[in-house]
Amino acid sequence: MNQVKKWLGIVWILLGPFAILYLIKTAAGEIGKSPDTNTIIQWAVFVIIFLPIAIGMVIFGYYSLKGEYDHLPVNSKEI
Amino acid sequence: MTQVSASKTIWQVIAASSVGTLIEWYDFYIFGSLATVIADQFFPKENPTAALLSTLATFAAGFIVRPFGALVFGRLGDLIGRKYTFLLTLILMGGSTFAIGLVPGYATIGFAAPLLVLLLRLVQGLALGGEYGGAATYVAEHAPVNRRGYYTSWIQTTATLGLFFSLGVILITRHFLAPDLETSIKRFNDWGWRIPFWVSILLVGVSIYIRLRMNESPLFAQLKSEGKVSKNPLKESFGHKANLKMVLLALFGATMGQGVVWYTGQFYAQSFLENVCRINFDQSRTILIWGILFATPFFVVFGGWSDKIGRKWIMLIGMLVAICSYQFIFKQMLTLTQPTGKTELTDHRKFIGEKTELIPKQKTTTDSVHKSIWEVHYSDGAVFHEVKVDSLFKDPARAAVTKQFTYYDEKKVDTWTYRKLIGWVFVLILYVTMVYGPIAAFLVELFPTRIRYTSMSLPYHIGNGVFGGLTPFIATLLTTIHLSDKLSGLWYTIIIGAVCFIIGAIYISNRIDPDVND
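Being a predicted model, the structure only gives us computed values, none of them experimental. (Residues numbered from 1 in each chain as written. Chains lettered and ligands numbered in written order. Predicted model: local features only at pLDDT ≥ 70, side-chain atom pairs only at ≥ 80, totals over all residues.)

Engineer: Tell me what's going on with the overall build of chain A, and back it up with residues and numbers.
Structural biologist: Helix and strand content of chain A: two helices and zero strands. On C-alpha atoms alone, chain A measures out to a radius of gyration of 17 Å, which is more than a quarter above the 12 Å that the 2.2 N^0.38 rule sets for 79 residues. Taken along its principal axes, the extent of the C-alpha atoms in chain A is 50 × 25 × 15 Å. Out of the 79 residues belonging to chain A, those deemed buried represent 15%. Expressed as a percentage of contacts within chain A between residues at least 6 apart in sequence, the contacts between residues at least 24 apart total 74%. (Helix = DSSP H or I, 4+ residues; strand = E, 2+ residues; numbered from the N terminus. Rg over C-alpha atoms; globule rule 2.2 N^0.38 Å. Buried ≥ 20, exposed ≤ 12 C-beta atoms within 10 Å, placed from the backbone. Contact = placed C-beta atoms within 7 Å.)

This is the structure:
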């Protein structure tokens, strides 16, 4: 299972930037269709909110790849 | 302490925490449930700046501010204690809700009105971000080891019951402001919408009284007496790899999927019934009210069960079953509310009226749509409004290719269909109880006492506020992008839920922490 976690780490590292690129591409298309202020604000909010989350996903993937999740802490002394 | 007094204490703790949290959810939901009425009062559509503020009020409070509230109040909770922090969030939430009910409309004070409402909505979002983590931590730190899931699940019922009460108060107020319904609704839209906001101050007063009488969490009090309270909870929570990896795991392996399942089951379901199935205001809300009423006890059932078999698989199976069956359930709800197969009672057909509206976003004012509305009765007791639409273009070339079409609106479904819809909504909320019932215990057990409030609040509010809170909006947006597929909005929930299920199944442990005192 630990090997699966490590390989999946690569997937999570790629998923973060892929999700943001997809979001930006969709946002650009939708703003192009209806370029009023509200549409721009809504899509800008989406991108701004999801950007740090996508970075979090990359960090999660990196930790996974490095084997940080091979053993989960069983008490607070391990944290 | 004897067993009886310990049991009495834990129920007092649950009551004090739950009532306050329920009121906070009530306060938060009434703004959303009355969004259309509030928009008319404070955010006139013809004014672009006011419309912009409306967008910010909707988005900023629910989605951006909640995680910030989690950071601000989580930190406070780990520094000064759980009791006073969630007392503060309650006062902020109650005060801002009451104040929204007092703000004069745009017609009276102009731009100050939407600005004040936006400001108060931001305070609401911040307060909500700080409340839940405190209440869940407070209960969990009082609960015995083998009953932590059961006792914290009472806190989990409050989010759903808060929605239940907000819908109930709104429906009652809307119906009882005048002897006849039409006048009552008119009064409600004029000024009666303020009443649900004012009700909040009474509830908050009672809750503050109860909470003031409670003691600090015993685990936090012990930490404080030993001088072991965290000096910098934010740094310890997110600056240290060992804890940050658990925060990320909690977010991507649990709260992200739980948030989308929750918001799909309760909020998108209501939006779907009202805007896609086009069921009338009262029925769409009472269907949800009944669904909530029948399903709510299962929060406690699954919370208690998680003490025996672990939290992980109850949450993940709920998530899996939900994402596998959403397409089927929402398709059933859509099919049930179509006129296909119904027999019309033609002699009951009644002309309601007609209106001509300008085509939205049309630069010129020459093109418009004409709508004629008929009330159609069916043999099974259902009553729909049939809307016949005809486009009126000035340009004859465009007029030649324009088609007329008919749609059905303001549907009042028959009793049997109504019951079936309640059944489907019940199933959707049952999924919510599976993913949400055990999650407080799961999050509490993941983090150490000294930084628990901060560490669990952030993944919870990103999962629920951002991933969950955006669900109805993104789902609706997807249906406007993919017009031919009315169920396309569900793909957001299904994809997020699937990713979360994979991460949760592979990375999360099913172990129940025997000791949250460390």
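Now that the structure is up, let's keep going.
Engineer: Go over the overall build of chain B with me, naming the residues and quoting the values.
Structural biologist: Of the regular secondary structure elements, chain B holds 21 helices and four strands. Here the C-alpha atoms of chain B give a radius of gyration of 24 Å, agreeing with the 24 Å that 2.2 N^0.38 yields for 518 residues. Its C-alpha atoms put chain B at 85 × 50 × 45 Å along the principal axes. Residues counted as buried form 49% of the 518 residues belonging to chain B.

Engineer: Tell me about the sheet that holds strand β4 (residues 405-412) of chain B, residues and numbers included.
Structural biologist: Residue and element names in this part refer to chain B. In spatial order, the strands read β1-β2-β3-β4; together these four strands make up an open sheet with antiparallel pairing. Edge positions in the sheet fall to β1 (350-358) and β4, since each has one partner strand and no second. Averaged over all pairs of adjacent strands, the angle between their axes in this sheet comes to 25°, without regard to strand direction. Of the pairings in the sheet, the one linking strand β2 (residues 368-377) to strand β3 (residues 383-392) comprises ten bridges and is antiparallel in character. Within β3, the residue paired with Lys-371 across the bridge is Val-389. (Pairing = 2+ DSSP bridges. Axes fitted to C-alpha atoms, helices over the stretch in contact; angles between N-to-C directions.)

Engineer: Provide a residue-level description of the interface of chain A and chain B, including the pertinent values.
Structural biologist: Chain A puts 24 residues into the contact, and the matching count from chain B is 22 residues. Elements that contribute at least two residues to the side of chain A that touches chain B include exactly α1 (2-33) and α2 (37-65) of chain A. Here the side of chain A that touches chain B gets twelve residues from one element, more than from any other, and that element is α2 of chain A. Classifying every residue of the side of chain A that touches chain B by side-chain character gives 15 nonpolar, six polar and three charged. (Nonpolar A, V, L, I, M, F, W, Y, C, P; charged D, E, K, R; others polar.)

Engineer: Explain helix α15 (residues 312-336) of chain B to me, using residue names and the numbers behind them.
Structural biologist: For α15 of chain B, which comprises 25 residues, the first-to-last C-alpha distance of 35 Å matches the rise-based estimate of 36 Å (1.5 Å per residue) to within 8%. In the structure, α15 of chain B departs most strongly from a straight axis at Ser-325 of chain B, where the bend amounts to approximately 50°. (Expected span 1.5 Å × (residues − 1). Bend = angle between axes of the 7 residues up to and from the residue.)

Engineer: Explain the domain arrangement of chain B to me, and be specific about the residues and the numbers.
Structural biologist: All names here are of chain B. As far as domains go, chain B holds domain 1 (3-334 + 421-507) and domain 2 (346-412). Here domain 1 and domain 2 have C-alpha centroids that lie 38 Å from each other. Listed by partner, the interface residues are four residues for domain 1 and five residues for domain 2. For the side of domain 1 that touches domain 2, the per-class residue count stands at one nonpolar, two polar and one charged. (Domains from an automatic or database assignment.)

Engineer: Explain the confidence of the model for chain B residue by residue, including any values.
Structural biologist: All names here are of chain B. On average, residues of chain B score 87 in pLDDT, and 92% of them are at 70 or above. α15 holds the highest mean pLDDT among the elements of chain B, 97, whereas helix α16 (residues 396-401) holds the lowest, 64. Scored as a whole, the predicted complex attains pTM 0.89, and scored at its interfaces, ipTM 0.94. (pLDDT = per-residue confidence, 0-100.)

Engineer: Could you give an account of the pairing of β3 of chain B, naming the residues involved and the relevant values?
Structural biologist: All names here are of chain B. Connecting the antiparallel pair β2 and β3 is a turn made up of five residues, with Gly-381 showing a positive phi of about 105°. By the bridge criterion, six bridges tie β3 to β4 in an arrangement that is antiparallel. Among the inter-strand pairings, Glu-386 is bridged to a residue of β4, identified as Tyr-408.

Engineer: I'd like a rundown of the environment of Ser-96 of chain B, residues and numbers included.
Structural biologist: All names here are of chain B. Along the polypeptide, Ser-96 turns up in helix α4 (residues 82-100). According to the C-beta neighbour criterion, Ser-96 is buried, with 24 such atoms within 10 Å. In sequence terms Ser-96 and Arg-311 are 215 residues apart; their C-alpha atoms lie 36 Å from each other.

Engineer: If you had to explain the UniProt feature "transmembrane region" (unreviewed entry) in chain A to someone new, which residues and values would you point to?
Structural biologist: Residues and elements named next belong to chain A. On the UniProt side, "transmembrane region" (unreviewed entry) is annotated at positions that read residues 7-28 and 40-63 here. Within the segment residues 7-28, helix and strand shares are 100% and 0% respectively, and the terminal C-alpha atoms sit 33 Å apart. Secondary structure content for residues 40-63 is 100% helix and 0% strand, and the end C-alpha separation is 35 Å. (UniProt positions renumbered as here; feature names shortened; annotations may be inferred.)

Engineer: Hey, could you go over the environment of Asp-515 of chain B for me, with residue numbers and the actual values?
Structural biologist: Residues and elements named next belong to chain B. With respect to the helices, strands and loops of the structure, Asp-515 is situated in the segment after α21 (490-507). For Asp-515, a count of 10 C-beta atoms within 10 Å puts it in the exposed group. Residues Asp-515 and Val-145 lie 370 residues apart in sequence; the distance between their C-alpha atoms is 7.0 Å.

Engineer: How would you explain unusual backbone geometry if you had to name every residue and give the values?
Structural biologist: Residue and element names in this part refer to chain B. Of note in this structure, Arg-278 is not a glycine but carries a positive phi near 60°. Positive phi values are uncommon outside glycine, yet Glu-410 reaches one of about 45°. The topology assignment puts Glu-410 in strand β4.

Engineer: Account for the nonpolar core, naming residues and giving values.
Structural biologist: Residue and element names in this part refer to chain B. With 145 residues, the main nonpolar core has Ala-136, Val-139, Phe-252, Met-315, Met-319, Val-435 and Leu-443 as its most contacted residues. When residues of this core are assigned to their parent elements, the largest contribution, 19 residues, is made by helix α12 (residues 241-276). Other than its neighbours up to four places away in sequence, Ala-136 contacts Thr-152, Ile-155, Ala-440, Leu-443 and Val-444. (Core = buried A, V, L, I, M, F, W, Y, C linked by C-beta atoms within 7 Å.)

Engineer: I'd like a rundown of the environment of Phe-393 of chain B, residues and numbers included.
Structural biologist: Residue and element names in this part refer to chain B. When you line up the elements, Phe-393 lands in the loop between β3 and α16. Under the C-beta neighbour-count criterion, Phe-393 is labelled partly exposed, with 16 such atoms within 10 Å. Spatially, the C-alpha atoms of Phe-393 and Ser-368 are 6.6 Å apart, while their sequence positions differ by 25 residues.

Engineer: Which residues make up the packing of helix α7 (residues 148-175) of chain B against helix α13 (residues 281-295) of chain B, and what values go with them?
Structural biologist: Between two packed helices, the angle of one axis relative to the other and the distance separating the axes together describe the packing. Residues and elements named next belong to chain B. Put simply, α7 and α13 touch, their axes get as near as 10 Å, and they point 145° apart. Along this stretch, α7 crosses α13, giving a crossing that reads as left-handed. Taken together, the residues of α13 that come into contact with α7 (itself represented by Thr-160, Leu-163, Phe-164, Leu-167, Gly-168 and Leu-171) are Asp-282, Arg-285, Leu-288, Ile-289, Ile-292 and Leu-293. Grouping the constituent residues of the contact of α7 with α13 by class yields eight nonpolar, two polar and two charged. (Left-handed = near helix turned anticlockwise from the far one by under 90°.)

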